[in-house]
Amino acid sequence: MTCSLIFIRDLDNQPERKEGIEGARSEYSDRQPQLAIVIGTANRMREAWVLNGFVTANKLEKQTLEEIKTKLTFDPCEESHRLHSKKEEAERLKNAKVVLQKLTDGDFERERICWEETSLELLKTRGVSTGLTDYLNEIEERLVPIIRRDR
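Residues numbered from 1 in each chain as written. Predicted model: local features only at pLDDT ≥ 70, side-chain atom pairs only at ≥ 80, totals over all residues. Heavy atoms only, no water.

Enquirer: Quick question: what am I supposed to make of the overall build of the protein chain here?
Expert: When its secondary structure is counted, the protein chain shows seven helices and two strands. Secondary structure elements of the protein chain, listed N to C terminal, follow the sequence β-α-β-α-α-α-α-α-α. Residues counted as buried form 37% of the 151 residues belonging to the protein chain. For the protein chain, the exposed surface amounts to about 9400 Å²; the carbon and sulfur share of it is 49%. For the protein chain, the distance from the average site of its 26 positive side-chain charges to the average site of its 29 negative ones is 1 Å. (Helix = DSSP H or I, 4+ residues; strand = E, 2+ residues; numbered from the N terminus. Buried < 20%, exposed > 50% of the residue type's maximum accessible area, 1.4 Å probe, protein only. Areas by Shrake-Rupley, 256 points an atom, 1.4 Å probe, with all protein chains shown as cover. Lys, Arg positive; Asp, Glu negative; His and termini not counted. Charge placed at Lys NZ, Arg CZ, Asp CG, Glu CD.)

In structure tokens:
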């Protein structure tokens, strides 16, 4: 029987974190009991992944997204990797947490919809630069075969 571990971490603009996690996984690859380690590293933060899955659900959300896109000059859902975590007032609009707050009105249930109801295809397309695509591929390659085998 294989045990599974899913490890998710924000990179906070420190790609060496991912290298360290992958190195730790490789140390355990040949040990018993067999351990399937799935790694998810959000570039730069988890909010980028939520934004990758944001699809407007109503007129107000569409209007809010259009206003944000105009101010940023890019779509924060398609290019959330361009956002950051700076808190200075002049940079606030490019803060991923601020953008997510504006789009979801701080509603965690609305955030949940972004990762549970958005198609995997769209998440993978948008998530290339945020690490989300890599994470979804890890799930497919490392976890899904174990689940199928254990049935």
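Enquirer: Help me out: how do you make sense of the environment of His81 in this one?
Expert: If you trace the backbone, His81 turns up in the loop between helix H3 (59–72) and helix H4 (96–104). Along the chain, His81 and Arg44 lie 37 residues apart, while their C-alpha atoms are 6.9 Å from each other. In contact with His81, other than residues within four places in its own chain, are Arg44, Ser129 and Thr130. (Contact = heavy atoms within 4.5 Å.)

Enquirer: Any chance you could explain a nonpolar patch on the surface here in plain terms?
Expert: A cluster of nonpolar side chains, contributed by Leu5, Phe7, Tyr28 and Leu35, occupies part of the molecular surface with about 320 Å² of accessible area. Structurally, the position occupied by Tyr28 is in helix H1 (residues 16–28). The class for Tyr28 is partly exposed, based on a relative accessible area of 37%. (Patch = residues over 30% accessible without salt bridge, like charges linked within 9 Å, V, L, I, M, F, W, Y side chains within 5 Å. Salt bridge = Lys/Arg side-chain N within 4 Å of Asp/Glu carboxyl O.)

Enquirer: I would appreciate a short explanation of the side chain of His84 in the present structure.
Expert: Tracing the backbone shows His84 in the loop between H3 and H4. Assessed through its relative accessible area of 8%, His84 is described here as buried.

Enquirer: Sorry if this is basic, but what is going on with the packing of H3 against H4 here?
Expert: Axes are the key here: two packed helices are described by the angle between their axes and the distance separating the axes. Relative orientation of the contacting elements H3 and H4 amounts to 155°, with a least axis distance of 9 Å. In terms of orientation, H3 lies roughly antiparallel with respect to H4. Two secondary-structure elements touch here, H3 through Glu61, Thr64, Leu65 and Ile68 and H4 through Val99, Lys102 and Leu103. Partitioned by chemical class, the residues of the contact of H3 with H4 number four nonpolar, one polar and two charged. (Axes fitted to C-alpha atoms, helices over the stretch in contact; angles between N-to-C directions. Parallel < 35°, antiparallel > 145°, perpendicular 65-115°, else oblique. Nonpolar A, V, L, I, M, F, W, Y, C, P; charged D, E, K, R; others polar.)

Enquirer: Would you mind going over unusual backbone geometry with me for this structure?
Expert: Glycine aside, the phi torsion of most residues is negative, and most peptide linkages are trans. Of note in the backbone geometry, Thr73 takes a positive phi value of approximately 70° without being a glycine. Locating Thr73 in the fold gives a position in the loop between H3 and H4. On the accessibility criterion, Thr73 (65% relative accessible area) is exposed. Notably, Asp105 is not glycine yet its phi reads approximately 55°, a positive angle. Tracing the backbone shows Asp105 in the loop between H4 and helix H5 (108–116). Under the relative-accessibility criterion, Asp105 is labelled exposed at 65%.

Enquirer: Looking at this model, I keep getting lost on the pattern of salt bridges. Mind explaining?
Expert: In this structure the tally under the stated criterion is 14 salt bridges. The partner of Lys69 in a salt bridge is Glu66, with the nearest N and O atoms 3.1 Å apart. Here Lys69 pairs with Glu66, and both are found in helix H3, just three residues apart, close to one helical turn.

Enquirer: Is there a simple way to think about the layout of surface pockets in this case?
Expert: Picture a little ball the size of a water molecule; that probe, rolled over the atoms, points out where space is still empty. By volume, the largest pocket amounts to about 230 Å³. Around the largest pocket, the lining residues are Arg46, Trp49, Val50, Trp115, Leu120, Leu123, Leu132, Tyr135 and Leu136. At the level of secondary structure, the elements contributing two or more residues to the lining of the largest pocket comprise helix H2 (46–52), helix H6 (120–126) and helix H7 (132–149). Of the volumes computed, that of the second largest pocket is approximately 170 Å³. Forming the walls of the second largest pocket are 13 residues, and the residues nearest its centre are Gln34, Leu35, Ala36, Ile37 and Arg142. Those elements that place two or more of their residues in the lining of the second largest pocket are H1, strand E2 (35–42) and H7. Looking at the lining of the second largest pocket element by element, the count peaks at five residues for H7. (1 Å grid on protein atoms, 1.4 Å probe; cavity = no way out; pocket = protein on both sides within 12 Å on 5 of 7 lines; lining within 4 Å. Points joined across faces, edges and corners; volume = space filled by probe spheres on them.)

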